[in-house]
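A look at the structure
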Amino acid sequence: QVQLVESGGGLVQAGDSLRLSCAASGRTFSIYAMGWFRQAPGKEREFVATINWVAGSRIYYPDSVKGRFTISRDNAKNTVYLQMNSLKPEDTAVYYCAAGRRVGASVGVSDYDYWGQGTQVTVSS
């Protein structure tokens, strides 16, 4: 099992920045990829960013956050980060960290095996 704990969410104004952190514990050696997803009220969970865990050489973003969000990881600390700049009201959602042990960096919700509890990000206009 892998346990994930997110932190860093909050209430900010449009144009501000936030950095989310996700600390992994347990069988972290089994992780192939880490990802961030978000879910706004009444909407499906959507992909935000992903990185392959060991090399960190494969990183993907959707067009909606590309150029504004940056995913990174610190293997020594078993932590993945999501730096979010130029935040917009439409970025408001609960942000979830996820870990996958079967597939490398992936955009699919079903490719991830472990999920954190989520952290709220609210961007006011």
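Below you will find a few notes about this structure. (Residues numbered from 1 in each chain as written. Predicted model: local features only at pLDDT ≥ 70, side-chain atom pairs only at ≥ 80, totals over all residues. Heavy atoms only, no water.)

Let's talk about the packing of aromatic side chains
Taken as a whole and judged by the stated rule, the model has four aromatic pairs. Measuring from centroid to centroid gives 5.2 Å for F37 and Y112, while their planes differ by 75°, and the two rings are edge-to-face. Here Y112 lies in the loop between β9 (93–100) and β10 (114–115) and F37 lies in strand β4 (residues 33–39), a separation of 75 residues in the sequence. Overall, F37 belongs to the buried group, its relative accessible area being 0%. Y112 gets classed as buried once you look at its relative accessible area, which sits at 6%. (Phe/Tyr/Trp six-rings, centres within 6.5 Å; stacked < 30°, edge-to-face > 60°. Helix = DSSP H or I, 4+ residues; strand = E, 2+ residues; numbered from the N terminus. Buried < 20%, exposed > 50% of the residue type's maximum accessible area, 1.4 Å probe, protein only.)

Notes on the side chain of E6
Residue placement: E6 occurs in strand β1 (residues 2–7). No salt bridge is formed by the buried E6; the nearest opposite charge belongs to R45, separated by 7.6 Å. Within the structure, the side chain of E6 is placed 2.8 Å from the backbone nitrogen of C97, a separation counted as a polar contact. At 2.9 Å, the side chain of E6 forms a polar contact with the backbone nitrogen of G118. Among residues more than four places away in sequence, those in contact with E6 are S21, C22, W36, Y95, Y96, C97, G116, Q117, G118 and T119. (Lys, Arg positive; Asp, Glu negative; His and termini not counted. Salt bridge = Lys/Arg side-chain N within 4 Å of Asp/Glu carboxyl O. Polar contact = N/O pair within 3.5 Å; in protein donor to acceptor, adjacent residues only side chain to side chain. Contact = heavy atoms within 4.5 Å.)

Observations regarding the pairing of strand β8 (residues 79–84)
Judged by how many residues are buried, β8 sits mostly within the fold: five of six residues are covered. Sheet analysis places strand β3 (residues 18–26) next to β8, joined by six bridges and oriented antiparallel. Note that in β8 the partner of L20 across the bridge is L82. Summarising the sheet, strand β7 (residues 69–74) and β8 pair through six bridges and their orientation is antiparallel. (Pairing = 2+ DSSP bridges.)

Comments concerning the pattern of salt bridges
For the coordinates displayed, the defined rule picks out five salt bridges. Of the charged contacts in the structure, one is a salt bridge between E46 and R38, with a shortest N-O distance of 2.6 Å. A relative accessible area of 35% places E46 in the partly exposed class. Note that R68 and D91 form a salt bridge whose closest N and O atoms lie 2.7 Å from each other. Of this pair, R68 sits in the loop between β6 (59–60) and β7 while D91 sits in the loop between β8 and β9, placing them 23 residues apart in sequence. Relative accessible area serves as the criterion here: at 11%, R68 is assigned to the buried category. Through salt bridges with shared partners, one network takes in R38, E46, R68 and D91.

Topic: the sheet that holds β7
Read across the sheet, four strands follow the order β1-β3-β8-β7 without closing on themselves; strand pairing throughout is antiparallel. In the strand order of this sheet, the two ends are held by β1 and β7, each with one partner. The sheet shows a mean angle of 15° between the axes of neighbouring strands, direction not considered. (Axes fitted to C-alpha atoms, helices over the stretch in contact; angles between N-to-C directions.)

Digging into the environment of Q3
The residue Q3 is located in strand β1 in this model. In this view, Q3 contacts A23, A24, S25 and G26; residues no more than four positions away in its chain are not counted.

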